[in-house]
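The lines below spell out each chain.
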Amino acid sequence: MPDVNMKKKTRLIVKKDNENIVLSLVDIALLYIENRIVFVTDKFACKYYFNTSLSEVEKDLDERIFFRANRQIIVNINYIKGFTTFECNKIKVALIFPCV
């Protein structure tokens with residue numbers, strides 16, 4: 001049984017070029033893998049490099065806000081506009097980037 005008192009992260013340190021940037025989790029729309037590299041997309045649709053596996057970061061995220069959509073993507077539910085179903089048991093999720 002998981003420890004209810006364990007603190008979840010409120011920020012992630014990501015990279016953009018050579019700069020380290022601290023992002024608040026409320027500003028992160030999704031985390032995903034592309035060509036074996038983990039990226040973070042913020043509410044402005046800016047893309048950052050993240051040097052941790054999705055499995056590792058998933059442990060530190062609040063499961064009430066973030067969920068693992070599949071093996072490649074973790075989504076912040078506050079940035080989901082809606083979804084449609086297609087093929088056999090697949091869904092396509094539409095995201096909201098409010099400040100774009």
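(A) Layout of the side chain of Asp42. Turning to its location among the elements, Asp42 is positioned in strand S4 (residues 37-42). Although Asp42 is buried, it forms no salt bridge, and the closest oppositely charged side chain is Lys16 at an N-O distance of 7.6 Å. Here the side chain of Asp42 touches Cys46 through a polar contact of 2.9 Å, landing on its backbone nitrogen. Leave out the neighbours within four places in its chain, and Asp42 touches Leu23, Asp27, Ile28, Ala29, Tyr48 and Phe97.

(B) Region of the structure containing the pattern of salt bridges. All told, the structure shown has five salt bridges when counted by the stated rule. As a salt-bridge pair, Arg68 and Glu58 come within 2.9 Å of each other at their nearest N and O atoms. Of this pair, Arg68 sits in strand S6 (residues 66-68) while Glu58 sits in helix H1 (residues 54-60), and the two are 10 residues apart along the sequence. Two residues, Asp62 and Arg64, come together in a salt bridge whose shortest N-O distance is 2.7 Å. In this structure Asp62 comes out as buried when scored by relative accessible area, which is 15%.

(C) View of unusual backbone geometry. For Asp17, which is not glycine, the phi torsion reads 60 degrees and is therefore positive. On the secondary structure map, Asp17 appears in the loop between strand S1 (11-16) and strand S2 (19-24). Relative accessible area serves as the criterion here: at 73%, Asp17 is assigned to the exposed category. The phi dihedral of Ala45 is positive, around 70 degrees, even though this residue is not glycine. By the secondary structure assignment, Ala45 is in the loop between S4 and strand S5 (47-50).

(D) Representation of the nonpolar core within the structure. Membership of the largest hydrophobic core comes to 16 residues, with the highest contact counts inside it found for Leu12, Val14, Ile28, Leu31, Val40, Phe50 and Val57. Secondary-structure elements contributing two or more residues to this core are S1, S2, strand S3 (28-34), S4, S5 and H1. In this structure Leu31 touches Leu12, Phe39, Val40, Phe50, Leu54, Val57, Leu61, Phe66, Gln72, Ile73 and Ile74, once residues within four positions along its chain are discounted. Counting residues in each nonpolar core, the second largest holds five residues, with Ala29, Leu30, Phe39 and Tyr79 among its members.

(E) Local environment of the side chain of Asp62. Examined against the element boundaries, Asp62 turns out to sit in the loop between H1 and S6. Only 2.7 Å separates the side chain of Asp62 from the side chain of Arg64, close enough to count as a polar contact.

(F) Local environment of a nonpolar patch on the surface. On the surface, a cluster of nonpolar side chains totalling about 290 Å² of accessible area is made up of Phe83, Ile91 and Val93. By the secondary structure assignment, Phe83 is in strand S8 (residues 80-86).

Definitions and limits used
Residues numbered from 1 in each chain as written. Predicted model: local features only at pLDDT ≥ 70, side-chain atom pairs only at ≥ 80, totals over all residues. Heavy atoms only, no water. Helix = DSSP H or I, 4+ residues; strand = E, 2+ residues; numbered from the N terminus. Buried < 20%, exposed > 50% of the residue type's maximum accessible area, 1.4 Å probe, protein only. Lys, Arg positive; Asp, Glu negative; His and termini not counted. Salt bridge = Lys/Arg side-chain N within 4 Å of Asp/Glu carboxyl O. Polar contact = N/O pair within 3.5 Å; in protein donor to acceptor, adjacent residues only side chain to side chain. Contact = heavy atoms within 4.5 Å. Core = buried A, V, L, I, M, F, W, Y, C linked by side-chain atoms within 4.5 Å. Patch = residues over 30% accessible without salt bridge, like charges linked within 9 Å, V, L, I, M, F, W, Y side chains within 5 Å. Areas by Shrake-Rupley, 256 points an atom, 1.4 Å probe, with all protein chains shown as cover.

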